[in-house]
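In case you want the letters, here they are:
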Amino acid sequence: MKRLLIDGRLVETEKTFPSLNPATGEVLDQAPDATAADAEAAVVAARRAFDTTSWATDTAQRLRCLRQLHQALTDHQEELRDLTIAEVGAPRMLTHGPQLDEPIKLVPYYTDLLEKYPLTEELGETEIRGQRHRRWVEKEAAGVVAAIIPYNYPNQLALAKLVPALAAGCTVVLKGAPDTPLTTLYLGELIAEHTDIPPGVVNVIVSSGVEAGEVLTKHPDVDMITFTGSTATGRRIMEAASATVKKVFLELGGKSAMIVLDDADFRAASMFAAFTICSHSGQGCALTSRLLVPREHHDEIVAMVAAGLERVSYGDPTDPKTFMGPLISERQRDKVDGMVQRAVAAGATLVTGGKRVDPGFFYTPTLLSNVDPSSEIAQDEVFGPVLAVIPYDGEDDAVRIANDSIFGLSGAVHSADDQRAIAVARRIRTGTFSINGGNYFSQEVPFGGYKQSGVGRESGVAGLEEFLETKSFAVVVP
């Protein structure tokens, strides 16, 4: 059984809860169930480490420890790959990308950035009331960070929060998702056993209930919360954090639109749409789950997308040829199926899919056509392999529909003319955008959303700066 990491020690708990393999529904292992007291101990440890050690000010120590972490992740990469496939249900091919291999690259990216990032900026001298004043700015760590992650990309999300926070000099309490506890706890074990990161600098906990998370969001000794998950939970976290005016970084839900313009290569765009929505079974906040098509080409494009979905291989995630694995749980599959059934009842056409596949928590790639842009299936996040096709009348109408959402995380557009596509993309209120299949996902690119898709940016230079405070200085020049 995996253990919690609290104040430099790997600890067991009296109570445990099961972690399931979503491809089979069988129990993988028991996970330690952290209590509110465990969360409190983790915060106390992080506070002490920040206030009484040199972690926040010793850049050389942080660089050395982060490089040790990278080496540990590299040395144990295949073990972590197998665990990710088993617990997350991620197909093996996806672990060679955003589920594992790409996230590991975040570590050297941030060590390289830390070496060259200007933590001090000179602003020059000025004369005020007959005296000369020298001014400068210094960047320093935000403090104790509570990092709370969901189940869909646990390695990516844990490292995207943990690594820049540590590079900035923060101390961290990382809380993994109850659906994927083992994967996150494995990271804690690597830190404890293979790095010189001081006790208390990193604490890793998981729990089956909400009590531990509530401690993190409300605790007065937590300076900052970074959370990825649903917008509904993000609202509650922001409310809880308001009592102590914590700094909050939120990466929340999405209902991103892919616009196919009337001059696009319909077949290429259709294949892109079909395989995108099936990536990790649709369990991605930035996936384009709304497909906006010219009304006069609706049926033609629907037929092409349906053909693309038929080509998606789903099943055993350990098979290197499998493109799509299961949903994370029976609860999530029930949610997805319920939304599909309600969409059909509301007037959408079920073109293909909409079926449960056992054993495990599989759901067939699903296509709904003639979807009302104001309906539940077009407005709410599904988090499953379900694509809603919405017809539009002209470019302005497409932009209007794409922007008609509380979310603003991502989007895509396809056109024969790159400049036309870019012009449309600039009219959509989202934080990221794909032009004719362009891939923005990498360590260097800031990721985050507009509107109710979040606050702040992850990855890139912006991802480091989220964990830094700015302090301005002035001194009289003799």
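All figures in this text were calculated on a predicted structure; none of them were measured in a lab.

## With respect to the UniProt feature "active site" (unreviewed entry) in the protein
Following the UniProt record, the feature "active site" (unreviewed entry) maps to Glu251 here. You can see Glu251 is positioned in strand E11 (residues 247-251). Contact partners of Glu251, with chain neighbours within four places excluded, come to Phe227, Thr228, Gly229, Cys285, Leu409, Phe447 and Ser453.

## Examining the sheet that holds strand E18 (residues 386-392)
Ordered in space as E14-E17-E18-E13-E12-E20-E21, the seven strands form an open sheet in which the pairing is mixed. Whereas interior strands pair on both sides, the edge strands pair on one side only; in this sheet they are strand E14 (349-352) and strand E21 (434-435). Inspection of the sheet shows strand E20 (residues 411-414) paired to E21 by two bridges, in the parallel sense. Pairing of Val413 across the sheet is with Ile435, part of E21. The strands touched by helix H11 (residues 266-277) are strand E12 (256-260), strand E13 (288-294), E18, E20 and E21; relative to E12, the strand with the most contacts, the crossing angle is about 165 degrees.

## Focus on the packing of aromatic side chains
Under the defined criterion, the tally for this structure stands at five aromatic pairs. A ring pair is formed by Phe275 and Phe323, whose centres lie 5.2 Å apart and whose planes are at 80 degrees; its orientation type is edge-to-face. Residue Phe275 is located in helix H11, and its partner Phe323 is located in the loop between helix H12 (298-310) and helix H13 (330-345); the two are separated by 48 residues in the primary sequence. Assessed through its relative accessible area of 25%, Phe275 is described here as partly exposed. Ring geometry for Tyr440 against Phe447: centres 6.4 Å apart, planes inclined by 20 degrees, an arrangement best described as stacked. Each member of the pair, Tyr440 together with Phe447, is buried. For Arg134, the ring lying beneath its charged end belongs to Trp136, and the centroid distance is 4.0 Å.

## As for the pattern of salt bridges
If the charged atoms of two oppositely charged side chains come close together, the side chains can form a pair. By the definition in use, this model includes 29 salt bridges. A salt bridge links Arg3 to Glu193; its shortest N-O distance comes to 3.7 Å. One end of the pair, Arg3, is in the segment before strand E1 (4-6); the other, Glu193, is in helix H8 (residues 181-194), with 190 residues separating them in the sequence. Glu125 serves as the salt-bridge partner of Arg132, at 3.6 Å between the closest nitrogen and oxygen. Residue classification places Arg132 among the partly exposed residues on the basis of a relative accessible area of 35%.

## Notes on the side chain of Arg333
Tracing the chain through its elements places Arg333 in helix H13. Since its relative accessible area comes to 2%, Arg333 is described here as buried. A distance of 2.9 Å separates a polar side-chain atom of Arg333 from the backbone oxygen of Phe362. Not counting the four nearest positions on each side in its chain, Arg333 is found in contact with Leu327, Arg356, Val357, Asp358, Gly360, Phe361, Phe362 and Tyr363.

## Points about the side chain of Thr217
Tracing the sequence through the fold places Thr217 in helix H9 (residues 211-218). Here Glu214 takes part through its backbone oxygen, which lies 3.1 Å from a polar atom of the side chain of Thr217. What Thr217 contacts, discounting residues up to four positions off in sequence, is Ile148, Ile225, Ile237, Ala240, Ala241 and Lys246.

## Digging into the packing of helix H2 (residues 59-75) against helix H7 (residues 154-168)
The interhelical angle for the contact between H2 and H7, taken along N-to-C directions, is 155 degrees, at an axis separation of 9 Å. Put simply, H2 runs roughly antiparallel to H7. The crossing of H2 and H7 is left-handed. Contacts between H2 and H7 involve Arg62, Leu66 and Leu73 from the first element and Leu159, Val163, Leu166, Ala167 and Ala168 from the second.

## Observations concerning the packing of helix H3 (residues 77-88) against H8
Running from N to C, H3 and H8 point in directions that differ by 155 degrees, and their axes come no closer than 8 Å. Taken together, the axes of H3 and H8 lie roughly antiparallel to each other. Contacts between H3 and H8 involve Glu79, Leu80, Leu83, Thr84, Glu87 and Val88 on the former and, on the latter, Pro181, Leu182, Thr183 and Tyr186. For the contact of H3 with H8, the class distribution of residues is six nonpolar, two polar and two charged.

## Overview of the nonpolar core
Counting residues in each nonpolar core, the largest one holds 84 residues, and the members touching the most others are Leu73, Leu166, Leu187, Val202 and Ile205. No other element matches H7, which puts ten residues into this core. Excluding its chain neighbours within four sequence positions, the residues that come into contact with Ile205 are Leu4, Ile6, Ala34, Ala39, Ala42, Val173, Leu174, Lys175, Gly176, Ala212 and Leu216. Listed in part, the 30 residues of the second largest apolar core include Tyr363, Val424, Ala425 and Ile428.

## Details of the UniProt feature "domain: Aldehyde dehydrogenase" (unreviewed entry) in the protein
UniProt records the feature "domain: Aldehyde dehydrogenase" (unreviewed entry) for residues 14-472 in the present numbering. End C-alpha atoms of residues 14-472 are separated by 48 Å, and the span's content is 40% helix alongside 22% strand.

## Considerations on the pairing of E13
With respect to burial, E13 is a largely interior element, seven of its seven residues being buried. Across four bridges, the pairing between E12 and E13 is parallel. In the strand pairing of E13, Met258 is matched with Leu291. With H11 bridging E12 and its parallel neighbour E13, the resulting β-α-β unit is right-handed. As paired elements, E13 and E18 share five bridges and run parallel to each other. Residue pairing across strands places Leu292 opposite Ile390, the latter belonging to E18.

Scoring rules and cut-offs
Residues numbered from 1 in each chain as written. Predicted model: local features only at pLDDT ≥ 70, side-chain atom pairs only at ≥ 80, totals over all residues. Heavy atoms only, no water. UniProt positions renumbered as here; feature names shortened; annotations may be inferred. Helix = DSSP H or I, 4+ residues; strand = E, 2+ residues; numbered from the N terminus. Contact = heavy atoms within 4.5 Å. Pairing = 2+ DSSP bridges. Axes fitted to C-alpha atoms, helices over the stretch in contact; angles between N-to-C directions. Phe/Tyr/Trp six-rings, centres within 6.5 Å; stacked < 30°, edge-to-face > 60°. Buried < 20%, exposed > 50% of the residue type's maximum accessible area, 1.4 Å probe, protein only. Lys NZ or Arg CZ within 6 Å of the ring centre and 35° of its normal. Salt bridge = Lys/Arg side-chain N within 4 Å of Asp/Glu carboxyl O. Polar contact = N/O pair within 3.5 Å; in protein donor to acceptor, adjacent residues only side chain to side chain. Parallel < 35°, antiparallel > 145°, perpendicular 65-115°, else oblique. Left-handed = near helix turned anticlockwise from the far one by under 90°. Nonpolar A, V, L, I, M, F, W, Y, C, P; charged D, E, K, R; others polar. Core = buried A, V, L, I, M, F, W, Y, C linked by side-chain atoms within 4.5 Å. Right-handed = clockwise from strand over helix to strand, strands pointing away.

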